[in-house]
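The lines below spell out each chain.
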Amino acid sequence: MIIVIKKGSTDEVVNHVVEKIKSAGLAVHISKGKERTIIGAIGDEGLLASIPLQAMPGVEKVMPILKPYKLVSREFRSEDSVVEVDGLKIGDKQIQIIAGPCSVENQDSLTAAAVEVKAGGASILRGGAFKPRTSPYDFQGLGEEGLKYLREAKKATGLPIISELMDPRDLDLMCDYVDILQIGARNMQNFRLLKDVGRTKKPVLLKRGLSSTIKELLMSAEYIASQGNSQIILCERGIRTYETATRNTLDLSAIPILKEETHLPIFVDPSHAAGRWDLVAPLAKAAVAVGADGLMIEVHTDPENALCDGAQSLKPTKFSILMEELRRVALAIDRTI
Ligand code: PEP
Ligand code: MN
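A. Looking closely at the site of ligand 1. Lining the immediate surroundings of ligand 1 are Arg126, Lys131, Pro132, Glu164, Gln182, Gly184, Ala185, Arg186, Lys207, Arg237 and His272. Side-chain polar atom of Arg186 to an oxygen atom of ligand 1: 2.8 Å apart, as the coordinates give it. Look at ligand 1: alone it shows 300 Å² of surface, and the protein chains cover 96% of it. Across the shell around ligand 1, the residue classes tally to 2 nonpolar, 3 polar and 6 charged.

Structure, rendered in structure tokens:
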């Protein structure tokens, strides 16, 4: 249920409504927009039947949220949400670019990549320390050592860092090091993990599962939001189809659909979608054109010898050229990079 509070109402008025809802046994989430405050009452709406919310002072209207996802829906918040990371605004007019290697390999190559992507215009550094590999015999990541290298690369460049969390047992450790927690495609429906990150205050980038629908992605975001963390960024990274020419099929239609359904920022990862470096640039440009708020791009200083995903990684020079092209696409749709 959404309770829209009249413009200019005092905190006292809002608190009175909040207390009523809580006393009926429902959870309350407050969204303070520029214009209005909206109260989301989440839980069994039948419990509110005996409370005349509509008649309470300050209440403008009371509406049911018809979608199964509540807090992340456009119905709950009509304005776009902006996630702030180290002063960067994600989901605002400026498109933010996350770039860096698939996995952290050593300090020198990571810092070199960080310096290069920053020079190209990236605003966030990526690098996996815990890697979700299909084979248990492939490189699994450096763990905490990798997180330390990321922290050093941040010191050297000032770029905030994002890295993937795979296991709730690593949550505190990850929170000590990273600015954004990444939930990978394979864990999109690890509900325990989602609830745990939902209890933190860290921004979370949630990637769409390999075989997940848009609705399932939004339900997973709702798991995080339901625990109190609304700093969520969604990421389309390609879904599994019958097509074998690419690693996955980038679902570009998901971006405008998600924009309609949710107020959360939407990113696109053309690298994992394509699995081929030569397709990264065209897909990245298309993603910006259809309204993505940001991109996640794999960049490696020596893709041929990368320990993970070299085939889809751009060399820094190619990344810089792409950034120039992306600036022109962004300009055409009245955005900046
Ligand atoms: C990644 O970004 O490192 C990754 C493993 O991506 P995905 O979860 O989309 O496969
Ligand atoms: Mn990768």
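That covers the picture; the talk isn't over yet.
B. Broad picture of the environment of Met63. With respect to the helices, strands and loops of the structure, Met63 is situated in strand 4 (residues 59–63). In this structure Met63 comes out as partly exposed when scored by relative accessible area, which is 30%. Considered as a pair, Met63 and Ala330 are 267 residues apart in the sequence and their alpha carbons are 37 Å apart. Every residue in contact with Met63, bar those within four places of it in the chain, is listed here: Met1, Ile2 and Val4.

C. The sheet that holds strand 8 (residues 124–126), seen in detail. Pairing within the closed barrel is parallel, and its 8 strands lie in the order 7-8-9-10-11-12-13-14. Taken pair by pair, the neighbouring strands of this sheet meet at an average axis angle of 25°, ignoring direction. Relative to strand 11 (residues 204–207), strand 10 (residues 180–183) runs parallel, the two sharing 3 bridges. Residue pairing for strand 11: Ile183 is matched across the bridge by Leu206. Against the sheet, helix 7 (residues 254–261) contacts strand 12 (232–236) and strand 13 (266–268), and its axis sits at roughly 170° relative to strand 13.

D. Geometry of the domain arrangement of the protein chain. Structurally, the protein chain comprises domain 1 (2–63) and domain 2 (83–332). Distance between the C-alpha centres of domain 1 and domain 2: 36 Å.

Rules behind the numbers
- Residues numbered from 1 in each chain as written.
- Chains lettered and ligands numbered in written order.
- Predicted model: local features only at pLDDT ≥ 70, side-chain atom pairs only at ≥ 80, totals over all residues.
- Heavy atoms only, no water.
- Near = heavy atom within 4 Å.
- Polar contact = N/O pair within 3.5 Å; in protein donor to acceptor, adjacent residues only side chain to side chain.
- Areas by Shrake-Rupley, 256 points an atom, 1.4 Å probe, with all protein chains shown as cover.
- Nonpolar A, V, L, I, M, F, W, Y, C, P; charged D, E, K, R; others polar.
- Helix = DSSP H or I, 4+ residues; strand = E, 2+ residues; numbered from the N terminus.
- Buried < 20%, exposed > 50% of the residue type's maximum accessible area, 1.4 Å probe, protein only.
- Contact = heavy atoms within 4.5 Å.
- Pairing = 2+ DSSP bridges.
- Axes fitted to C-alpha atoms, helices over the stretch in contact; angles between N-to-C directions.
- Domains from an automatic or database assignment.

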